Amino acid sequence: MTRLIVGPFNRVEGDLEVKLDIKDDQVEAAWVSSSLYRGFEQILEGKTPGDALVFAPRICGICSISQSVAASSALRNAMGLEQAPNGLLATNLLSATENLADHLTHFYLFFMPDFARDTYGDQPWGEAAQKRFKAMQGEASSYFLPARKNLLQLIGILAGKWPHTLAIQPGGTTKTLDQGDRVRVISVLSEIRRFLEEKVFGDKLEAILELSSFGELFSWADNQPMEQGDFRFFLKIAQSLALEEVGKTSCDAMSYGTYDGLFPQGVWRGEVGKLDPQLIAEDLTHSMMIGDTRHPSQGETFPDLDKADAYTLCKAPRLDGKVVEVGAYARQLIAGQPLIINLAHKSGSNVLSRVVGRLIEAARLVTIMEEWVDGFKIKEPFCSHGKMPDEVEAVGMTEAARGSLGHWLHVREGRIENYQIVSPTTWNFSPRDSSGISGPLESALVGVPVIADEKNPVVVQHIVRSFDPCMVCTVH
Amino acid sequence: MTASNEYNVLWLQAASCGGCTMSLLGEGNAGLVEFLKTFGINILWHPTLSEESGPEALAILEDVASGKVRLDALCVEGSILLGPKRTGRFQMFSGTGRSMFSWVSELAVLANNVLAVGSCAAFGGIISGNSTPTDARGLQFLGDQPHGALGDDFRSKSGLPVINIAGCAPHPGWITEVLVSLSRGEFTADDLDAFARPRLFADHLAHHGCVRNEFYEYKASAANLSQKGCLMEKLGCKATQASGDCNFRTWNGGPSCTNAGYSCISCTSPGFEKAEGFLKTPTVAGLPVGLPVDMPKAWYVALAALSKSATPDRVKKNSRSDHIIIPPRRGESQN
């Protein structure tokens, strides 16, 4: 048996190290380690509750808006406040914009460049992949980055600075839109649709959203040459490498729900069931954290780098004691998206279904955003206001691009007594729990074939990046 | 990936949120990659952008450390964690068995210039906002004190101290304009302010060019966020004290913080994270504690009283509304 340590693991957000035990040319066991602790929960202790809106988004520069949404929703629930309807729409648009930006950034900058590696030079698609997806050199970085900049104009119009805006408040948003702003939002959205249709999909979004099975998806891909849309390009690569068999997990999938229930809350166990958030608990057995297993509302965060048998700073959240996977795939599954449900029944969660989940969600988001923008009543308020009680407990739950995000808040004598955050990648990259059961990534890596002298197995990179990990959120 | 006439940049993420990189990615109408090509800037390695991972990335870092590859600029994003007990173990640079503190200390002395990108790398930033065991520092400062990870005496090979591109997150233009000026040999010690922030943005106040300026002049203040009035008197806005040309740049093609309806929290200032109740102005005897940066208190009191008494009805009413309810028109009575 040989042990392989893979790091620094880049093109993920933050610090990640993966240890692999290799036996008989395959991964026998994997340990996933988060190696950065900043202490946001400790920092928030003793602050005035409203200041969570300054600190929480700064947990993460890539899903800053999602952190703002979770924090503002915890504060809103604590205040017993209703969002102004315009503010809800603006918050949803901001959140969807960031999710879309994250999905596309993942696809173009983090995930696809691995197929442009020299390793694949001999594949029939190898040369074309290098031309298009080579990190910092391929054509895609030249057309994706301006498109991303354009997309983020939506956040510019609705919230000014990104990352780390204060526009998202418990009662709505601080920027009131006028007639001109609305037109600019519509105009940017139309450019985003064009980018998705011309470059990402090479087809109408509606045509993509009509695909409802594995068979339909791949016959759509076969209808045109692989250069016709980057999604098609990916599907051809996925077919040639059988990515539906790579990086499989067999755990349940979960979504807290978002966009006012449009993407609903639930758990997938072969069919959609109800989620009881009271059954969430964080197990610290193999985490460099002191304490026992607790629900996040009672959670503690005290790091101990020298704790025995601990190998990561990440906690191990479990739902009713079970491992769950989160992300766009899980969210679309629970939202009943026909293609994703078909992929789940055919081959479950794997590299292919995670990537398809993200891109299908991207297509869906654009069509939904186009409807939202017509809902603004621009002469009415965007923000309502209320008072924070001195003693209160509340939770803010949302879906970030990478999955379920929750903030548990306890206010005592007007100050934050406890603030606990459970982030998407904390679920996906969790370590073993007290029963020795591995988190989703660790189990997805087991059994993966690795050639003896491979120091940096590319298949491991595909699997890790297929989760689009956000390590800065994982340990905050 | 190295041509000798190119300007070699290595980017490391210390204890960061990655937000400075996310901001940077928004640079240039033709995209960041084209922008860098235009100015001959070569990224040796960047954790978000580069192909090289694991051992391939380490090989690049080792070539820099051994002097085989020239390091023109080391960009560090995020605070340096010294804890526990100066071991730096709260951030291990994965795959290396060494702390980020150790890596940054080794590479900084080899760099012609060192850039602290963002307020965390510059001054400790958001994660030095309360007592935690991490002992988070900026590269040369902790807040406004010279107690950074590299020490007060540190100078890069060019002789400059660490260049503090403050901001949380900084505007992408601040990062790239400094890098390009350095690469063109046009950036000197005179271009830095007292906290080693580039004067290209630090010579201005965030207040300059604020769309709420008329409300400020008349002290017509908003009572709640989302209202049109000035945010300084009641809602914690520090734009009159904060360094930054924020209000004459666009952020993601949109407005700045104050123009988007929320207060400036002075994220370019050392120690900004220490504030209490960011969105509420602390007052003593009815006067805001943080007055405009160089304004004598007596003058502030006198001018505020005078301007309040001269406030047009339009300005007064609009300041407390979330939409403009009275448009400007000729011959409006002064009351």
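Scroll up a little and you will see the structure.
Residues numbered from 1 in each chain as written. Chains lettered and ligands numbered in written order. Predicted model: local features only at pLDDT ≥ 70, side-chain atom pairs only at ≥ 80, totals over all residues. Heavy atoms only, no water.

Draft legend 1. Representation of the overall build of chain A within the structure. Scanning chain A from terminus to terminus reveals 17 helices and 14 strands. In summary, chain A has a C-alpha radius of gyration of 22 Å against a globular reference of 23 Å for 476 residues, a match within 12%. Counting only C-alpha atoms and orienting by the principal axes, one finds that chain A spans roughly 65 × 55 × 40 Å. Of all 476 residues assigned to chain A, the portion counted as buried reaches 68%. (Helix = DSSP H or I, 4+ residues; strand = E, 2+ residues; numbered from the N terminus. Rg over C-alpha atoms; globule rule 2.2 N^0.38 Å. Buried < 20%, exposed > 50% of the residue type's maximum accessible area, 1.4 Å probe, protein only.)

Draft legend 2. Spotlight on the interface of chain A and chain B. Opposite the 80 residues of chain A that make contact, chain B presents 82 residues. The junction of chain A with chain B conceals about 6,400 Å² of combined surface from both sides, 57% of it contributed by carbon and sulfur atoms. Area buried by chain A at its contact with chain B is led by Pro-8, Met-136 and Lys-161 of chain A, which between them contribute 12% of it. Across the chain A-chain B interface, the total number found is five salt bridges. Between Glu-276 of chain B and Arg-415 of chain A there is a salt bridge; the shortest N-O distance is 2.8 Å. One can count 40 residue pairs in polar contact (both at pLDDT 80 or more) joining chain A with chain B. (Contact = heavy atoms within 4.5 Å. Buried area = accessible area lost by both parts, 1.4 Å probe. Salt bridge = Lys/Arg side-chain N within 4 Å of Asp/Glu carboxyl O. Polar contact = N/O pair within 3.5 Å; in protein donor to acceptor, adjacent residues only side chain to side chain.)

Draft legend 3. Structural view of the sheet that holds strand S1 (residues 7-13) of chain B. Residues and elements named next belong to chain B. The five strands are arranged S2-S1-S3-S7-S9 in an open sheet whose pairing can be described as parallel. At either end of the open sheet lies a strand with only one pairing partner, and these are strand S2 (41-45) and strand S9 (163-165). Taken pair by pair, the neighbouring strands of this sheet meet at an average axis angle of 25°, ignoring direction. Across the sheet, helix H3 (residues 55-65) lies against S1 and S2, angled at about 115° from S2, the strand it touches most. Where helix H4 (residues 100-108) meets the sheet, it contacts S1, strand S3 (73-77) and strand S7 (113-117), and its direction lies at approximately 160° from that of S1. (Pairing = 2+ DSSP bridges. Axes fitted to C-alpha atoms, helices over the stretch in contact; angles between N-to-C directions.)

Draft legend 4. Up close: the layout of surface pockets. As a volume, the largest pocket reaches approximately 980 Å³. Contributing to the lining of the largest pocket are 32 residues, with Gly-50, Met-79 and Gly-386 of chain A together with Leu-279 and Lys-280 of chain B lying nearest its centre. When the residues that make up the lining of the largest pocket are grouped by side-chain class, the tally is 15 nonpolar, 10 polar and seven charged. Mapped onto the lining of the second largest pocket, the elements with two or more residues apiece are helix H7 (179-201) of chain A together with helix H8 (213-217) and helix H10 (313-319) of chain B. (1 Å grid on protein atoms, 1.4 Å probe; cavity = no way out; pocket = protein on both sides within 12 Å on 5 of 7 lines; lining within 4 Å. Points joined across faces, edges and corners; volume = space filled by probe spheres on them. Nonpolar A, V, L, I, M, F, W, Y, C, P; charged D, E, K, R; others polar.)

Draft legend 5. Seen up close, empty space enclosed by the protein. Residues and elements named next belong to chain B. This structure, assessed with the given rule, holds 10 cavities of 30 Å³ or more. The space that makes up the largest cavity amounts to roughly 220 Å³. The residue inventory of the lining of the largest cavity, partitioned by class, reads 13 nonpolar, nine polar and two charged. Empty space within the second largest cavity amounts to approximately 140 Å³. For the second largest cavity, the lining is made up of 21 residues, of which Ser-16, Cys-17, Cys-20, Cys-120 and Cys-168 are closest to its centre.

Draft legend 6. Broad picture of the sheet that holds strand S2 (residues 17-23) of chain A. Residue and element names in this part refer to chain A. If you trace the three strands from one edge of the open sheet to the other, you get S1-S2-S3, paired in antiparallel fashion. Both outer strands of the open sheet, strand S1 (2-6) and strand S3 (26-33), are each paired with one neighbouring strand and no more. Taking the axes of each pair of neighbouring strands and ignoring which way they run, one obtains an average angle of 20° across the sheet. Examined bridge by bridge, S2 and S3 share seven bridges and lie antiparallel to one another. By the bridge assignment for S3, Lys-23 is matched with Gln-26.

Draft legend 7. Just the packing of H3 of chain B against H4 of chain B, in detail. All names here are of chain B. Axis separation between H3 and H4 bottoms out at 10 Å; the angle between their running directions is 40°. Between H3 and H4, the angle is such that the two are oblique. Remark: the crossing between H3 and H4 carries left-handed chirality. Packed against H3, whose contacting residues are Leu-58, Leu-61, Val-64 and Ala-65, the element H4 presents Trp-103, Glu-106 and Leu-107 at the interface. When grouped by side-chain class, the residues that make up the contact of H3 with H4 number six nonpolar, no polar and one charged. (Parallel < 35°, antiparallel > 145°, perpendicular 65-115°, else oblique. Left-handed = near helix turned anticlockwise from the far one by under 90°.)

Draft legend 8. Highlighting the packing of helix H5 (residues 126-133) of chain A against helix H6 (residues 139-159) of chain A. Running from N to C, H5 of chain A and H6 of chain A point in directions that differ by 35°, and their axes come no closer than 4 Å. Each of Lys-131, Arg-132 and Phe-133 of chain A in H5 of chain A lies in contact with H6 of chain A, whose residues at this interface are Glu-139, Ala-140 and Tyr-143 of chain A.

Draft legend 9. Focus on the pairing of strand S6 (residues 252-255) of chain A. Residues and elements named next belong to chain A. Alternating residues of S6 divide into Asp-252 and Met-254 and Ala-253 and Ser-255, and every residue in both groups is buried. Summarising the sheet, S6 and strand S11 (residues 324-325) pair through two bridges and their orientation is parallel. The partner of Ala-253 across the bridge, within S11, is Glu-325. Pairing of S6 with strand S7 (residues 266-268), which is carried by three bridges, proceeds in the antiparallel orientation. Counted as the bridge partner of Ala-253 is Trp-268 from S7.

Draft legend 10. Geometry of a nonpolar patch on the surface. Residue and element names in this part refer to chain B. A contiguous nonpolar surface patch, about 350 Å² in accessible area, is contributed by Trp-299, Leu-303 and Leu-306. Structurally, Leu-306 is set in helix H9 (residues 297-309). Classification of Leu-306 by relative accessible area gives exposed; the value is 56%. (Patch = residues over 30% accessible without salt bridge, like charges linked within 9 Å, V, L, I, M, F, W, Y side chains within 5 Å. Areas by Shrake-Rupley, 256 points an atom, 1.4 Å probe, with all protein chains shown as cover.)

Draft legend 11. Just the pairing of S3 of chain A, in detail. The buried count for S3 of chain A comes to six of eight residues, which makes it a mostly enclosed element. Between the antiparallel neighbours S2 of chain A and S3 of chain A lie two residues, among them Asp-24 of chain A with a positive phi of about 50°.

Draft legend 12. Inspection of helix H6 (residues 172-183) of chain B at higher detail. Residue and element names in this part refer to chain B. With 12 residues, H6 should reach 16 Å at 1.5 Å per residue; the first-to-last C-alpha distance of 17 Å fits that figure. Counting buried positions over the 12 residues of H6 gives 10, a clear majority of the element. All of the buried residues along H6 are Pro-172, Gly-173, Trp-174, Ile-175, Thr-176, Val-178, Leu-179, Val-180, Ser-181 and Leu-182. Directly beyond the C-terminal end of H6, a positive phi value near 70° is found at Gly-185. (Expected span 1.5 Å × (residues − 1).)

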